[in-house]
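Here is how the chains run, residue by residue.
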Amino acid sequence: MRVTLWGTRGSLPSPGPETQRYGGNTPCVEARCADGTLVILDGGTGIRRLGAVLSPEIARVDILLTHLHMDHIQGLGFFAPLYRPGLDVHIWGPASPTRGLRARLAQYLSPPLFPVQIRDLPCRLAFHDVPFEPFRLGRLEVRAALVCHPGPTVGYRITEDRTVLAYLPDHEPALGARRFPGAPNWTSGFALAAGADLLIHDAQFSDEEYTRHIGWGHSAIGHVAAFADLAGARRVVPFHHDPAHADDVVDALHAQLRGRASSFEVVAGMEGTTVEVGRPRAA
């Protein structure tokens, strides 16, 4: 499985000279398997650049949304394949007890917030509440589960043969825990991340910053290390960088994570990074 990071910033796009190495686009990750099956994780502003380079011969695109906060859907209206007549585009996201996924996304993809309405898109567009039992997209098996973050939010576990990608970009597994980590069965997201070859995980705050942001739905760098050790992940990508963190701050957080990594490798969470999951090195 080939995984490419198109957007790694959290909360708000933050382009500028101080963020150019790690990138200023909000979450979007491409996962592509050997048979060409394409899955896109989240539709932040990074999805625009991905859409610009997708082959016109592609027949189907699946977009898996973790939740509907603006930083995870802001790029959808600028995703060029939505404007290709006849292309099958499937958008998956967490269910709501009150409104369907299409209706909730239409709050953004409609005037006055956006000039084009969903009904006017020429692609063949389908919306799905993501199930909580495994389902298949080509050769990929997808599992979703609710995780600790405000509003209905899921993480994903994507498996190709025996290769596992876990994606938990907005996640606060330490919330309410006197000591973290606790027992695996009581740890949010554990089943998704257990034994993952690559874990892409929320790393928004330093340990000191987290004390002022408890309950915001994000992780401290120390929680990332503890969670990855508990889950037995092989490689970890720190993700969802705070928009106020310049590159040197993210460098320092990555260094802290490497210093605490007793059982896993740290892959820098930079836009443009490509990882061959199941192989030992990142490109």
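Reading the values: rules and limits
Residues numbered from 1 in each chain as written. Predicted model: local features only at pLDDT ≥ 70, side-chain atom pairs only at ≥ 80, totals over all residues. Heavy atoms only, no water. Axes fitted to C-alpha atoms, helices over the stretch in contact; angles between N-to-C directions. Helix = DSSP H or I, 4+ residues; strand = E, 2+ residues; numbered from the N terminus. Left-handed = near helix turned anticlockwise from the far one by under 90°. Contact = heavy atoms within 4.5 Å. Nonpolar A, V, L, I, M, F, W, Y, C, P; charged D, E, K, R; others polar. Salt bridge = Lys/Arg side-chain N within 4 Å of Asp/Glu carboxyl O. Buried < 20%, exposed > 50% of the residue type's maximum accessible area, 1.4 Å probe, protein only. Pairing = 2+ DSSP bridges. Right-handed = clockwise from strand over helix to strand, strands pointing away. Phe/Tyr/Trp six-rings, centres within 6.5 Å; stacked < 30°, edge-to-face > 60°.

1. A closer look at the packing of helix 6 (residues 221-231) against helix 7 (residues 247-260)
For step 1, the next point in the chain: Interaxial distance between helix 6 and helix 7 falls to 9 Å at its minimum, and their mutual angle equals 35 degrees. As helix 6 runs across helix 7, the sense of the crossing is right-handed. Every residue of helix 7 that contacts helix 6 at Ile 221, Gly 222, Val 224, Ala 225 and Asp 229 is listed here: Leu 253, Gln 256, Leu 257 and Arg 260.
For step 2, the next point in the chain: For the contact of helix 6 with helix 7, the per-class residue count stands at five nonpolar, two polar and two charged.

2. A closer look at the pattern of salt bridges
For step 1, the next point in the chain: According to the stated counting rule, one finds 12 salt bridges in the structure shown.
For step 2, the next point in the chain: Between Arg 60 and Asp 62 there is a salt bridge, with its nearest N and O atoms 2.8 Å apart.
For step 3, the next point in the chain: The exposure class assigned to Arg 60 is partly exposed, which follows from its relative accessible area of 37%.
For step 4, the next point in the chain: A salt bridge links Arg 124 to Asp 88, with the nearest nitrogen and oxygen atoms 2.8 Å apart.

3. Some details on the pairing of strand 6 (residues 124-129)
For step 1, the next point in the chain: Of the pairings in the sheet, the one linking strand 5 (residues 88-93) to strand 6 comprises six bridges and is parallel in character. In the strand pairing of strand 6, Asp 88 is matched with Arg 124.
For step 2, the next point in the chain: After leaving strand 5, the chain enters helix 3 (residues 101-106) and then returns to the sheet as strand 6, a path that is right-handed.

4. Re the packing of aromatic side chains
In this description, a pair of aromatic rings is defined by centroid distance and the angle of the planes.
For step 1, the next point in the chain: Enumeration over the complete set of coordinates arrives at four aromatic pairs.
For step 2, the next point in the chain: When the ring of Trp 92 is compared with that of Phe 135, the centres are 4.6 Å apart and the planes differ by 20 degrees; the resulting orientation is stacked. Here Trp 92, found in strand 5, pairs with Phe 135, found in strand 7 (residues 135-137); they are 43 residues apart in sequence, far enough to count as distant.
For step 3, the next point in the chain: Measuring from centroid to centroid gives 5.8 Å for Tyr 167 and Phe 239, while their planes differ by 70 degrees, and the two rings are edge-to-face. In this pair, Tyr 167 is assigned in strand 10 (residues 163-168) and Phe 239 in strand 12 (residues 235-239), connecting sequence segments 72 residues apart. Take Tyr 167 and Phe 239: they sit in the same class, and that class is buried.

5. Focus: the environment of Tyr 22
For step 1, the next point in the chain: Of note, Tyr 22 is situated in the loop between strand 1 (2-7) and strand 2 (28-32).
For step 2, the next point in the chain: Through-space distance from the C-alpha of Tyr 22 to that of Arg 9 is 8.1 Å; in sequence the pair is 13 residues apart.
For step 3, the next point in the chain: When neighbours within four sequence positions are excluded, Tyr 22 is seen to be in contact with Thr 8, Arg 9, His 241, Asp 247, Val 250, Asp 251, His 254, Gly 269, Met 270 and Glu 271.

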